[in-house]
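Architecture at a glance
If you want the building blocks of each chain, they are given just below.
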Amino acid sequence: MLERAASVTDDAITIPIEGDADIVAARLKSRQLAKQVGFTGTDLVLIATAISEITRNIVCYATGGQMTLTAVTEGRRRGITFVMRDQGPGISDVQQAMRDGFSTGKSLGLGLPGARRLMDDFQIVSSAGQGTTVTMSKWLR
Amino acid sequence: MPVPILKQGDILIASVQEAMSDSDLALLRDDLTSRIGEFHSLGVMIDVSTVDVLDSFATRTLLDIAENSRLRGAKMVIVGIQPPVAIAMVKLGLILDGIPTAHDLEDGIELMRRNVGKSRQRDR
Ligand SMILES: Nc1ncnc2c1ncn2[C@@H]1O[C@H](COP(=O)(O)OP(=O)(O)O)[C@@H](O)[C@H]1O
Ligand SMILES: [Mg+2]
């Protein structure tokens, strides 16, 4: 196994993502915690935008899920990690879903690929019938 | 929280608030479309200067409002997109194709007056 710097998690918050208002709440919460961690200006907007996209996917394509926000210190770097999990239908072809413009919902198809560009780390785990988990982080520079 | 729509002569002005939900935005789209008909408005101005997230749903809705406005004979201008918001939009891959933008309300009204003036002249 790879040697990993011990990661220390200070604040972890979990909020339900079930409807429209939860997307707004998730944006605000992510912004708040990111600010506490030390992010400023543009980074706060990039983070909130990515959160908006991924939580909307939970509301649109699954019936509900949760978001966990964690301030992380990994070795000498400090950042914020978001885990967004749902128990929905899952995605059978993740590679296709990650493509710019691909959508089964007649929308722009930029949520997943766009969120990956907005954050530093992005991981999606999903398969048909298994729900979807998106984990993404941003690190302070 | 529904977005208030102000009527200023031929122009409708909507100031989008910070904590806008998707259904608030959809409501704004529908309200604006019916108000344009009701007031025979020639312009629609959307002020997003206090908005800190314009994601794919919001952008899609703005594009829809622009198209609805155009079909009803009005022009749309978006004012006040903040620089970090613009950076996020570019990273997402969002393009507000063909929609005029202005720095602030004052510039927006100026741009609108010029556009509306032009379409008035054409009408004659
Ligand atoms: N949480 C999810 N559960 C099931 N399917 C999802 C989920 N998130 C995304 N998808 C699928 O991936 C596609 C691409 O998502 P996205 O890039 O956000 O674009 P859009 O939401 O505009 O379709 C969606 O159309 C949907 O089919
Ligand atoms: Mg999406």
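Presented here is an overview of the structure given in this document. Not measured: the values here are computed from a predicted model. (Residues numbered from 1 in each chain as written. Chains lettered and ligands numbered in written order. Predicted model: local features only at pLDDT ≥ 70, side-chain atom pairs only at ≥ 80, totals over all residues. Heavy atoms only, no water.)

1. Topic: the nonpolar core
- Within the largest apolar cluster, 61 residues are counted, with the highest numbers of intra-cluster contacts made by Met67(A), Phe82(A), Phe122(A), Met136(A), Ile46(B) and Met76(B).
- The greatest single-element share of this core, amounting to 8 residues, is contributed by helix H2 (residues 41-61) of chain A. (Core = buried A, V, L, I, M, F, W, Y, C linked by side-chain atoms within 4.5 Å. Buried < 20%, exposed > 50% of the residue type's maximum accessible area, 1.4 Å probe, protein only. Helix = DSSP H or I, 4+ residues; strand = E, 2+ residues; numbered from the N terminus.)

2. Let's talk about the site of ligand 1
Residue and element names in this part refer to chain A.
- Near ligand 1 lie 18 residues; those nearest to it are Tyr61, Ser103, Thr104, Ser107 and Gly109.
- At 2.9 Å from an oxygen atom of ligand 1 is found a side-chain nitrogen or oxygen belonging to Asn57.
- Between ligand 1 and Leu108, the relevant distance is 3.5 Å, taken from an oxygen atom to a main-chain nitrogen or oxygen of the residue.
- When ligand 1 is considered free in solution it has 540 Å² of accessible area, and contact with the protein chains removes 93% of it.
- Elements with a contribution of two residues or more to the shell around ligand 1: H2 and helix H4 (111-118).
- Examining the composition of the shell around ligand 1, we find that 3 residues originate from one element, H4, more than from any other.
- Its residues placed into classes, the shell around ligand 1 shows 8 nonpolar, 9 polar and 1 charged. (Near = heavy atom within 4 Å. Polar contact = N/O pair within 3.5 Å; in protein donor to acceptor, adjacent residues only side chain to side chain. Areas by Shrake-Rupley, 256 points an atom, 1.4 Å probe, with all protein chains shown as cover. Nonpolar A, V, L, I, M, F, W, Y, C, P; charged D, E, K, R; others polar.)

3. Details of the pattern of salt bridges
- This model, assessed by the stated rule, comprises 11 salt bridges over all chains.
- A salt bridge links Asp43(A) to Arg141(A), with the shortest nitrogen-to-oxygen separation between them at 3.5 Å. Of this pair, Asp43(A) sits in helix H2 while Arg141(A) sits in the segment after strand E5 (132-139); the two residues are 98 residues apart in sequence, bridging distant segments of the chain.
- For Asp43(A), a relative accessible area of 18% corresponds to the buried category.
- With relative accessibility at 76%, the residue Arg141(A) sits in the exposed group.
- The structure contains a network of salt bridges with shared partners spanning Arg56(A), Asp22(B) and Asp55(B). (Salt bridge = Lys/Arg side-chain N within 4 Å of Asp/Glu carboxyl O.)

4. Here we look at the sheet that holds strand E4 (residues 75-79) of chain B
All names here are of chain B.
- One open sheet accounts for 5 strands, arranged E1-E2-E3-E4-E5; its pairing is mixed. The open sheet has two free edges, formed respectively by strand E1 (5-8) and strand E5 (101-102), since each of these has just one partner strand.
- Where E4 and E5 come together, 2 bridges link them in parallel fashion. Considered in E5, the bridge of Val79 is made with Ala102.
- Against the sheet, helix H2 (residues 56-71) contacts strand E3 (43-47) and E4, and its axis sits at roughly 150° relative to E4. (Pairing = 2+ DSSP bridges. Contact = heavy atoms within 4.5 Å. Axes fitted to C-alpha atoms, helices over the stretch in contact; angles between N-to-C directions.)

5. Overview of the packing of aromatic side chains
- Here the structure, examined in full by the defined rule, presents 0 aromatic pairs over all chains.
- If you follow Arg77(A) out to its NZ or CZ, it ends over the ring of Trp139(A), 3.8 Å from the centre.
- Across the ring face of Phe39(B), the terminal group of Lys7(B) is positioned such that the distance to the ring centre comes to 5.4 Å. (Phe/Tyr/Trp six-rings, centres within 6.5 Å; stacked < 30°, edge-to-face > 60°. Lys NZ or Arg CZ within 6 Å of the ring centre and 35° of its normal.)

6. Focus on the packing of H2(A) against H4(A)
Residues and elements named next belong to chain A.
- Put simply, H2 and H4 touch, their axes get as near as 9 Å, and they point 155° apart. The orientation of H2 with respect to H4, classified from their angle, is roughly antiparallel. Every pair of crossing elements has a handedness; the one defined by H2 and H4 is left-handed. Residue-level contacts link Leu46, Thr49, Ala50, Glu53, Ile54 and Asn57 of H2 to Gly111, Leu112, Ala115 and Leu118 of H4.
- Residue classes in the contact of H2 with H4 are distributed as 6 nonpolar, 3 polar and 1 charged. (Parallel < 35°, antiparallel > 145°, perpendicular 65-115°, else oblique. Left-handed = near helix turned anticlockwise from the far one by under 90°.)

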